[in-house]
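Residue-level structure breakdown
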Amino acid sequence: MTKPTFLIVGASLTGAKAAEELRAAGFDGRVMLIGAEPERPYERPPLTKDYLRGESEREKAYVHPGGFYAQQEIELVAGVTVTSIEPGAARVTLDDGRTVGYDRLLLATGAEPRRIPVPGAGLDGIYYLRTLADCDLLRARLDAGGRVVVAGAGWIGSEFAASARQRGLDVTVLDPQPLPNERVFGQQIGAFYRDVHAQHGVDLLLGEGIDSFEGNGAVAQVWTTGGRRIECDFVVVGIGVVPRTGLAAEAGLKVDNGVVVDAQLQTSAPGIFAAGDQYDVGMEYSGYAPEWDEVVFRGDPAGGEFVAFWLHDERVVAGMNVNVWDVNEHIQALIRAGQPAAVAALTDPGAPLDRLAAELAPGS
């Protein structure tokens, strides 16, 4: 009998962790992880911090050691793009002409940087920071020193600005919002980050956006919406990201500011799932649930912070924590225990998950 194939499109952190969890949960079928970049999966936070500043080795950015995928019999296909999905035929087509069939498909394609739509945006010297390749280019620019304008005081812009100042560059940050990350943190925390930037010598122009870029082939100055001209050697744009939904939309899946999924992360097409971080929602998914009896919640999904448990024969077979942190290892322990769990304990925020997992562990 042919073993089932679980295909993961997107060699992101989400995709890599999904492949890892499939093996940890005992899935012994074929696992294929396809990524467009010529890299094995890596984490993005170092790209704006220690790796960008040259303080850590490239190897530390990767999710798993080099031999992990072969050891776990996970087929990692790097540098290849999925060009189309055929839900009816349960197969995908790759840009090298191959087709791959699947029994289950997970879309973990993530997001891409939002482009800035102003005159001069196509000049050389304007960078977006999303990939290791982007980071390598910007490491070289930091080594050269000079003046940088950062468009956007959100996560990417703020972290790049901090790294650039630590490397001794002159940094100007522009953002139409009155405070950094105000929409996420509110005024008090936004003011705190504004003051931290100012104390470290970042020139903050808040309440101003970018009107245009100018230069002879390469950017040399920035005009703000307030009429200011800022000389610069290069620009980094960090104005947010947009989910990569083109592949899903072309396949006929329901899309609405992201791939639409139900409580089980299943898309509008049976057997196709989607997962990843979108906007201000962070999530982690563990386990493998080919079938389940019910899904129960700890917390209120409407409030944006909750843990969901997929149950089969009263056992936890998968779990997802959304904007709730430091619980993922306990969820994994519940899955590995393979024992019936009381719904009342799973859904009670006052019942520690680590204690519940210990009680259900074999031999306890």
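Residues numbered from 1 in each chain as written. Predicted model: local features only at pLDDT ≥ 70, side-chain atom pairs only at ≥ 80, totals over all residues. Heavy atoms only, no water.

Tracing the sequence through the fold places S158 in helix α4 (residues 155–166). Expressed as a C-alpha distance, the spacing of S158 and V202, which sit 44 residues apart in the sequence, is 9.9 Å. In this view, S158 contacts G152, A153, P180 and H197; residues no more than four positions away in its chain are not counted. Polar contacts involving the side chain of S158 include one to the main-chain carbonyl oxygen of A153, which spans 2.9 Å. (Helix = DSSP H or I, 4+ residues; strand = E, 2+ residues; numbered from the N terminus. Contact = heavy atoms within 4.5 Å. Polar contact = N/O pair within 3.5 Å; in protein donor to acceptor, adjacent residues only side chain to side chain.)

Here we come to unusual backbone geometry. We note that A90 has phi near 55 degrees; this positive angle belongs to a residue other than glycine. By the element assignment, A90 lies in the loop between β4 (82–86) and β5 (91–94). A residue is classified by how much of its surface remains accessible, and A90, at 23% relative accessible area, is partly exposed. The backbone phi angle of E314 is positive, close to 70 degrees, even though this residue is not glycine. Here E314 shows up in the loop between β21 (305–312) and β22 (315–322). For E314, a relative accessible area of 54% corresponds to the exposed category. (Buried < 20%, exposed > 50% of the residue type's maximum accessible area, 1.4 Å probe, protein only.)

Next up on the list: a negative patch on the surface. On the surface, a cluster of negative charge is made up of E291, D293, E294, D313 and E314. Here D293 is to be found in the loop between β19 (283–287) and β20 (294–300). (Patch = residues over 30% accessible without salt bridge, like charges linked within 9 Å, V, L, I, M, F, W, Y side chains within 5 Å. Areas by Shrake-Rupley, 256 points an atom, 1.4 Å probe, with all protein chains shown as cover. Salt bridge = Lys/Arg side-chain N within 4 Å of Asp/Glu carboxyl O. Lys, Arg positive; Asp, Glu negative; His and termini not counted. Charge placed at Lys NZ, Arg CZ, Asp CG, Glu CD.)

To continue, consider the packing of aromatic side chains. Throughout the structure, instances matching the rule amount to four aromatic pairs. Between F68 and Y69, the aromatic rings sit 5.2 Å apart at their centres with planes inclined by 90 degrees, giving edge-to-face as the arrangement. Of the two residues, F68 and Y69, neither departs from the other in class, the shared state being buried. Summarising the aromatic geometry, the rings of F297 and F306 are spaced 5.8 Å apart at their centres and angled 70 degrees between planes, so their arrangement reads as edge-to-face. (Phe/Tyr/Trp six-rings, centres within 6.5 Å; stacked < 30°, edge-to-face > 60°.)

This brings us to the nonpolar core. By size, the foremost hydrophobic cluster in this structure holds 28 residues, and its most contacted members are I8 and W310. Broken down by secondary-structure element, the contributors of at least two residues to this core are β1 (5–9), α1 (13–24), β2 (30–35), α2 (68–71), β21 and β22. Y62, L132, A153 and V236 belong to the second largest nonpolar core, which has 25 residues in total. (Core = buried A, V, L, I, M, F, W, Y, C linked by side-chain atoms within 4.5 Å.)

What follows covers the state of the cysteines. Note on terminology: a disulfide is the covalent bond linking the sulfur atoms of two cysteines. Considering all chains together, one arrives at zero disulfides under this definition. Here C135 stays free of any disulfide, with the sulfur of C232 as its closest cysteine sulfur at 20 Å. For C135, a relative accessible area of 0% corresponds to the buried category. (Disulfide = S-S within 2.5 Å.)

Attention now goes to the sheet that holds β5. Reading across the sheet, the three strands line up as β4-β5-β6 and stay open at both edges, with antiparallel pairing between neighbours. Sheet topology places β4 and β6 (99–101) at the edges, where each strand pairs with a single neighbour. Within the sheet, the average angular offset between the axes of one strand and its neighbour, ignoring direction, is 20 degrees. Here β5 runs beside β6; their pairing, made up of three bridges, is antiparallel. Within the sheet, the bridge partner assigned to V92 lies in β6 and is V100. (Pairing = 2+ DSSP bridges. Axes fitted to C-alpha atoms, helices over the stretch in contact; angles between N-to-C directions.)

Topologically, H197 is positioned in helix α6 (residues 187–199). Taking relative accessible area as the criterion, H197 reaches 9% and is therefore assigned buried. Not counting residues within four places of it along the chain, the set of residues in contact with H197 comprises S158, A161, V202 and L204.

As far as function goes, none of this settles anything; it's purely spatial.
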